[in-house]
Amino acid sequence: MFDLSTLFQGDRPVPVILDGDPGHDDAIAWVLAKASPKLDIRAVTTCAGNQTLEKTTYNARRICTLLGIDAPIAMGLHHPLFSDPITAGNIHGQSGLDGPALPEPAVPLSDLSAVELMAKVLRESEDKVVIIATGPETNVAALLLAHPELKEKIAGISVMGGGIAYGNWTAAAEFNILVDPEAAEAVFGSGLPVQMCGLDVTEKALIFPEDFQRIRAVGNQVSQIVADWLEFFYRFHREIGYAGAPVHDPCAVASLLRPELFTRQAMHVAIETQGEYCRGCTVGDTSGKLGEDNAICCMNVDRQGFADLLAEAVKFYDGREVPV
Ligand code: RIB
Ligand code: CA
């Protein structure tokens, strides 16, 4: 099974598309992505998930304005391929990104749809492109279904989603997969290299007050906002019994940049799309009974190394100040 992280260990920046539903942890994943010289962000596309598409798109434009991401931004599909939307306002708030004040968007919204923009980036890229999907995989699936001829321009897909052992929205399913299981089935069944950061690893990527206080002490505008996002996430998760804030989405970026911090296992991941209790479950099989390996699953992380990576990344934004 091809390990996507090997692409990021050279000197040539890797073209990436960021697709997400910001979302506090999507935003922090994008902070990490923009701060790395190993990534060349070619497009940002938004999906419905943590909040409605309109809200996640507004948030994406604010985040890109804050960070100086100057790639085109496009709205994706308004709802999952075959099911009704599910949102997570209980976690991310009514805006989808409650907490610190953010700049109003100073970056335009593309006239293209997310699928059209993704296709354009793939056609025009000299190198194969990595898609980093940190929300429901609706747009990625739609791209694969609408443009099978462009699969050869996709190096692979780094996904935050699923959980081999358990779920977080139901007992069996993690939120991103549950919102659109059919989309996840299309992605994991595409034959493209998939790296999955599921709850098995992201709930070990816990951030504690000493971590976000260290980030706040960096003292630039982005570090203060990232610390506020982390504190918001921490307070919510402490109320529901977590020891710290499980910072899910940045794992889908960090595992590409710093593979040595993550423990991986290749396996076949099947997506359950039926069932009253198990719809959206990611079933991991290493026996070969369900088929050949179709994903490399990150299963553990060096938590301190992950926290150090976040604290280092925000220093990239020293000297940047955007009117809020
Ligand atoms: O289950 C965690 C995932 O759902 C994260 O991507 C978070 O942003 C939400 O989309
Ligand atoms: Ca997300």
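What you see is a predicted model, and the numbers here were worked out from it, not measured in a lab.

The rules behind the values
- Residues numbered from 1 in each chain as written.
- Chains lettered and ligands numbered in written order.
- Predicted model: local features only at pLDDT ≥ 70, side-chain atom pairs only at ≥ 80, totals over all residues.
- Heavy atoms only, no water.
- Donors = N, O, S within 2.8 Å, 3.2 Å for Na, K, Ca; no water.
- Helix = DSSP H or I, 4+ residues; strand = E, 2+ residues; numbered from the N terminus.
- Buried < 20%, exposed > 50% of the residue type's maximum accessible area, 1.4 Å probe, protein only.
- Phe/Tyr/Trp six-rings, centres within 6.5 Å; stacked < 30°, edge-to-face > 60°.
- Core = buried A, V, L, I, M, F, W, Y, C linked by side-chain atoms within 4.5 Å.
- Polar contact = N/O pair within 3.5 Å; in protein donor to acceptor, adjacent residues only side chain to side chain.
- Axes fitted to C-alpha atoms, helices over the stretch in contact; angles between N-to-C directions.
- Parallel < 35°, antiparallel > 145°, perpendicular 65-115°, else oblique.
- Contact = heavy atoms within 4.5 Å.
- Nonpolar A, V, L, I, M, F, W, Y, C, P; charged D, E, K, R; others polar.
- Near = heavy atom within 4 Å.
- Areas by Shrake-Rupley, 256 points an atom, 1.4 Å probe, with all protein chains shown as cover.
- Pairing = 2+ DSSP bridges.
- Right-handed = clockwise from strand over helix to strand, strands pointing away.

Quick notes on the coordination of the calcium ion (ligand 2)
Each pair of donors in an ideal four-coordinate tetrahedral metal site encloses 109.5 degrees, whereas pairs in an ideal six-coordinate octahedral site enclose 90 or 180 degrees. Looking at the calcium ion (ligand 2), the protein donor atoms are Asp21 (OD), Asp26 (OD), Asp26 (OD), Thr134 (O) and Asp249 (OD), and they sit 2.2 to 2.6 Å from it. Summarised as a motif, the one-chain spacing of the donors to the calcium ion (ligand 2) is D-x4-D-x107-T-x114-D. Pair noted here: Asp21 is in the loop between β1 (14–20) and α1 (24–35) and Thr134 is in the loop between β4 (129–133) and α5 (138–146), with a separation of 113 residues, a long-range link. A relative accessible area of 2% places Thr134 in the buried class.

Section: helix α11 (residues 250–257)
Most of α11 is tucked away, with 8 of its 8 residues classed as buried. Taken residue by residue, α11 has Pro250, Cys251, Ala252, Val253, Ala254, Ser255, Leu256 and Leu257 as its buried positions.

Focus on the packing of aromatic side chains
Applying the stated criterion across every chain yields a total of 3 aromatic pairs. Pairing Phe212 with Tyr234 gives two aromatic rings, centres 5.6 Å apart and planes at 65 degrees, and the pair type is edge-to-face. Taken together, the residues span a long stretch of sequence, with Phe212 in helix α9 (residues 209–216) and Tyr234 in helix α10 (residues 221–239) at a distance of 22 residues. With a centroid separation of 4.9 Å and an interplanar angle of 85 degrees, the aromatic rings of Phe316 and Tyr317 are classed as edge-to-face. What makes Tyr317 buried here is its relative accessible area of 1%.

A look at the nonpolar core
Of all hydrophobic cores here, the largest spans 71 residues; its most connected members are Trp229 and Phe306. In terms of residue count, the dominant contributor to this core is α10 (9 residues). The next biggest cluster of nonpolar side chains, apart from the first, holds 32 residues, and it includes Leu117, Ala142, Ile157 and Val159.

Focus on the environment of Ser110
With respect to the helices and strands, the residue Ser110 is situated in the loop between α3 (89–92) and α4 (114–124). For Ser110, a relative accessible area of 23% puts it in the partly exposed group. On a C-alpha basis, the gap between Ser110 and Pro72 in space is 6.2 Å, while along the polypeptide they are 38 residues apart. Within polar-contact distance, the side chain of Ser110 engages the backbone nitrogen of Leu112 at 2.9 Å.

Topic: the packing of α11 against helix α12 (residues 303–313)
To describe two helices that pack against each other, one gives the angle between their axes and the distance between the axes. Viewed as axis vectors pointing N to C, α11 and α12 meet at an angle of 95 degrees, and their least axial separation amounts to 11 Å. Comparing their axes, α12 and α11 come out roughly perpendicular. Touching Pro250, Cys251 and Ala254 of α11 are Phe306, Leu309 and Leu310, all from α12. Per-class residue counts for the contact of α11 with α12 are 6 nonpolar, no polar and no charged.

Some words on the site of ligand 1
Close to ligand 1 lie Asp21, Asp25, Asp26, Asn50, Thr134, Met160, Asn168, Glu174, Phe175, Asn176, His248 and Asp249. Within the side chain of Asn168, one N or O atom sits 2.9 Å away from an oxygen atom of ligand 1. Asp249 is positioned such that a nitrogen or oxygen atom in its side chain is 2.5 Å from an oxygen atom of ligand 1. Protein chains shield 96% of the accessible area of ligand 1, which is 270 Å² for the free molecule. Within the residue set of the shell around ligand 1, elements represented by two or more residues are α1 and α6 (175–179). Broken down by class, the residue content of the shell around ligand 1 amounts to 2 nonpolar, 5 polar and 5 charged.

Remarks on the pairing of strand β2 (residues 39–46)
A large share of β2 lies buried, amounting to 6 of its 8 residues. As judged from the 7 bridges shared by β1 and β2, these two strands associate in the parallel manner. The partner of Gly20 across the bridge, within β2, is Thr46. On the question of chirality, the crossover connecting β1 to the parallel β2 by way of α1 is right-handed. Bridge count between β2 and strand β3 (residues 73–75): 3 bridges; the pairing is parallel. When the bridges of β3 are listed, Thr45 appears paired with Ala74.

Quick notes on the side chain of Ser36
Within the secondary structure layout, Ser36 lies in the loop between α1 and β2. By relative accessible area, Ser36 is classed as buried at 10%. A polar contact of 3.0 Å, which involves the side chain of Ser36, links it to the backbone nitrogen of Lys38.

Examining α12
Turn by turn, an α-helix covers 3.6 residues, leaving residues three or four places apart pointing in a common direction. Taken across its 11 residues, α12 has 8 buried, putting it largely inside the fold. Where α12 is concerned, the buried positions are Arg303, Gly305, Phe306, Ala307, Leu309, Leu310, Ala311 and Ala313. Buried residues in α12 make contact with α1, β7 (206–207), α9, α11, β9 (262–271) and β11 (295–301). At the N-terminal end of α12, a side-chain oxygen is found 3.2 Å from the backbone nitrogen of Gln304, two or three residues along, and the residue is Asp302.

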